[in-house]
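# Structural characterization, general
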Amino acid sequence: MASGPGLGGRGTVPQRRACSSLPTKRGPILGRGEPGEAMQQLSAQPFEIGLATAKGPVRDRNEDASLAAHFFLAQADQQPLPVGLFIVADGMGGHGQGEQASSLACRLAAEHVIRHVYLPALADGPAVPINEVLEESIDIGHRAIVRRLAGAGTTLTVALVLGDDVHIAHVGDGRAYLGQPGHLRLLTQDHSVAERLLEVGQARVEDIASERRVLYKALGHGPGIRPDILHEDLEVGSYLLLCCDGLWGMLSDAEIAALVDVAPSPQMACRDLVAQAIARGGEDNVTVVLAARGWPWTARQDRAG
Amino acid sequence: MARHPEGTLPAGIVLQERYEILGVQGVGGMGAVYRARDLRFSSVTKIVAVKEMNNTAPDPRVRRISLQNFEREANILASLSHPAIPKIFDYFSEANRSYLILEFVEGQTLESLIEERKQPFNPEEVVEWGLQVCDVLAYLHGHEPPVIFRDLKPGNLMLRTDGRLMVIDFGIAKLFEHGQRGTMIGTEGYSPPEQYRGVAEPRGDLYALAATMHHMLSGRDPRLEPPFTFHERPIQLFNPNLPEALEAVVSKCLAYDLQERYASATEMGKALSAIFPSQFRSAGGLGPSQFTPAQDLKPRWTFRCEDEVRSSPRVADGVVYVGSYDTNLYALDAQNGSFLWKFPTQGGIVSRPCVDGDLALFGSEDANVYAVSRSAGRQVWACETGGRVRSSARVEYGHCFIGSDDGCLYAINVQFGRVAWVFQSAGPIRSTPLLVGEVIYLGSDDGYAYALEMGSGHVKWKYSTPRRLTSSPVADENLIILGSADGYLYALNAGAGWPVWRFRTRGPVLSSPVVEAGTVYVGSADGHLYAVEASTGRERWKYDTGAPVTSSPAIGEGMIYIGSNDEAVHAVDAKRGDRVWRYVTGGPIPSSPTVHEGTLYIGSTDHYVYALPA
């Protein structure tokens, strides 16, 4: 399908006076993909997810909680809109309270986002700004933990995918990465005292092993909570990876990227990542969630096929 | 023993056959603090505080160490005697719990006071309290062996009804928390960096005191910020009346490196007491308000129209184009303000003219959209709408897009002045359309933000707000940002129209936002110019002009310019939100400035157009 004159993709401003008539053909409304390739079939832009979690050999319990959900919204002549919700939480606190805290925070956040973003998305569109829904989704968990599980806490990283956009709310030292083959970029900041000490020159890397897990921000802690809010593009051919420190504490970013790049599917990538973290000693619970848009898995399968 | 569901002791329980629990004062991580009556004093009511340590560690060794620490700490407390430290009367253990019996202090912690006031405290007040704490710290640090408080924070400072401060909670509970495995939640935002290396040092208490003072003076809770970031929030940003000397004392104590802080609490106390010389202390209202509207800024030129200039200037090819309520569009020499030509219409001109080739395009309150030859100052065409035109034109694809009070957005062929299509909304369109790629974004006074297909005017999406949208949208990344008369600034997903964030001001936002380097700037009728992070909608700073703002900001080098109803043009530092200069005209300024090659052009309701050195 050829583009008409002056019909660039979104964001490209056509040359003024390149034509004196208004563009009449409808371009794609969502998606930054090539308008010429608007085949508008799911198979053109698959959205695949993986999730794996393990207790590991050292810990008695798995205090991580996680969630991955997605669907497509295809209507009229628009490209199918991928919609997804991905959550990783890592609880802390004795007597099994850690796992209760992470599970509670994960479920409450999911419920809130589904109620205030997804369900309205099927009607008139959300009325409350997405950032506010995300902030509330974390605050609800925070208050529930303070009320029901005093002394316990949890990290919480919530990622919401809407078309080309990913919105992230983050508290603690779980991480969100954005990756493409050969490239992995850390999006989130660890809310750990150790990182801050390093930043202000009051600690050396070798000093902080034991300080690594002291968080200055976590659900269940403090008078209130203000998550970091991020907004990124999730383009076709890239993937979003959420994990707890049980993964990034055991594997370097380069190792994570390398494993993802060669995995046959997002689910296999998650399994390989967890297995590798455990093979390294698996001192903590390991959880990883991966959401990929298209490449490289499709390309690889095509080649295999 | 019967216990409450939360594990606290119910009223009426008697400990050691002597202390009758009357009620819970507070609950902490390791147990509660109770108000109790000492029954040994039968003829008078002697009230004591009972502090409970819940020793529940599963490991018996940890339990034993915890108990030893508790007893050691109780013994230290028993050796202290200072009016600002509660007396200890007794300690004992009962049923896995340990108890301290302490002097009961009637009052309110600074933490609850901060919550109550919700605004920065007076410098005089905070200095007075700081001096009192320095005095206790000097006593503790000079004790043999020295006592390091380690956990100074507003929650541990009790303001008694007589105005004296008491230091409460000697960090005993903290000792119980060691020995945990795995992830812990640490820091309350007031602790010094070296404490995380296990260094407990007198100068750490000075850091915590300064952190507490910073919180009270700035109103910014350090528990909600990353640790050790006080220097990123200078108090003067939030509390302009703060003496610089106080900022300096607080900042010195907050140095990462303890060698850079004051050597002792006594030294810090000396520095604090020098800030307000005693004869002026507690005089009240001492705050320096030496604000002078230094009007040393000289306009490069001014030009007088016959009526108010609400229109915003446009500069192109050395010429300033601006409309006036006197119904004329003026062309003025940008260098010296000399008159080139004027074009009369039948109504006031309030929008910003648009320039395309030789044409100047603009609307008038006479309901027409005009295209005027810039070289000749003569009409090329006029296109009639059904209402006053207050929207400003945008040109793309050889078409002019402009709104009208008749509720329509018009797409008009620039060459011939023919209407290509019309989009009808349910309220006047005064917002100026934004064109990105092939999509037109605009607001309408019907409360909707619309995204239209450029070719057809068909609605791609719309988003409803409760009040009129007069503000013109701006794009940043994948967001469309515009203000609403409901007081919010909205950011909508450009593709789908879903709201991503909204930022609340306290007055209608009729001003149109501008974006630069990830920051949105916008004015509000609440009198402020706001700087908001574009991706999150979080406030970076606000600047008070003193009167409602409907003017839209303009960006210069590191500066933001805006007009206000206080009759002045304001130049504000883009990073910090500080005033750089302020130029007073003879009337309110709804006109929006334009900055071009070092000169700022703006109109005022005093009938003048001003060219000011930016």
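Structural data are supplied above this passage.
Please read these numbers as outputs of a predicted model, since none were measured by experiment.

For the rest of this paragraph, the subject is the sheet that holds strand E37 (residues 559–563) of chain B. Residues and elements named next belong to chain B. The 4 strands are arranged E36-E37-E38-E39 in an open sheet whose pairing can be described as antiparallel. Edge positions in the open sheet fall to strand E36 (554–556) and strand E39 (579–584), since each of these has one partner strand only. Pairwise comparison of adjacent strand axes, ignoring direction, gives a mean angle of 20° for this sheet. Examined bridge by bridge, E36 and E37 share 3 bridges and lie antiparallel to one another. Counterpart to Ala554 in the pairing with E37 is Tyr561.

This part is about helix H6 (residues 244–253) of chain B. All names here are of chain B. Among all positions in H6, only Leu246, Val249, Val250 and Cys253 are buried. All buried residues of H6 lie within an arc of 95° about the axis, which places them on one face of the element. In this structure, H6 carries Glu244 and Ala248 as exposed residues pointing more than 90 degrees from its buried face. Lining the buried residues of H6 we find helix H3 (123–142), helix H5 (202–218) and helix H7 (265–273).

Residue and element names in this part refer to chain B. Read across the open sheet, the 4 strands follow the order E12-E13-E14-E15; overall the sheet is antiparallel. Lying at the two open borders of the sheet, with one neighbouring strand each, are strand E12 (314–316) and strand E15 (339–344). Taking the axes of each pair of neighbouring strands and ignoring which way they run, one obtains an average angle of 20° across the sheet.

One finds Val158, Leu160, Leu240 and Val288 of chain A to be the most contacted residues of the largest nonpolar core, which totals 185 residues. The biggest single contributor to this core is helix H1 (residues 97–122) of chain A, with 8 residues. Excluding its chain neighbours within four sequence positions, the residues that come into contact with Val158 of chain A are Ile87, Ala109, Val113, Leu134, Ser137, Ile138, Ile168 and Ala169 of chain A. If you look at the next biggest cluster of nonpolar residues, it comprises 47 residues, including Leu110, Leu206, Met213 and Met268 of chain B.

Residues and elements named next belong to chain B. Burial runs high along strand E13 (residues 319–323): 4 of the 5 residues are buried. Two strands pair when backbone bridges link them, and E12 and E13 are joined in this way by 3 bridges, in the antiparallel orientation. Each residue of the ladder has a partner; that of Arg314, found in E13, is Tyr321. In textbook terms, the turn of a hairpin is the stretch between consecutive antiparallel strands, and for E12 and E13 this stretch comprises 2 residues, one of which, Asp317, has a positive phi near 50°. Across 5 bridges, the pairing between E13 and strand E14 (residues 328–333) is antiparallel. By the bridge assignment, Val320 is partnered in E14 with Leu332.

Basis of the calculations
- Residues numbered from 1 in each chain as written.
- Chains lettered and ligands numbered in written order.
- Predicted model: local features only at pLDDT ≥ 70, side-chain atom pairs only at ≥ 80, totals over all residues.
- Pairing = 2+ DSSP bridges.
- Helix = DSSP H or I, 4+ residues; strand = E, 2+ residues; numbered from the N terminus.
- Axes fitted to C-alpha atoms, helices over the stretch in contact; angles between N-to-C directions.
- Buried ≥ 20, exposed ≤ 12 C-beta atoms within 10 Å, placed from the backbone.
- Arc of directions from axis to C-beta.
- Contact = placed C-beta atoms within 7 Å.
- Core = buried A, V, L, I, M, F, W, Y, C linked by C-beta atoms within 7 Å.

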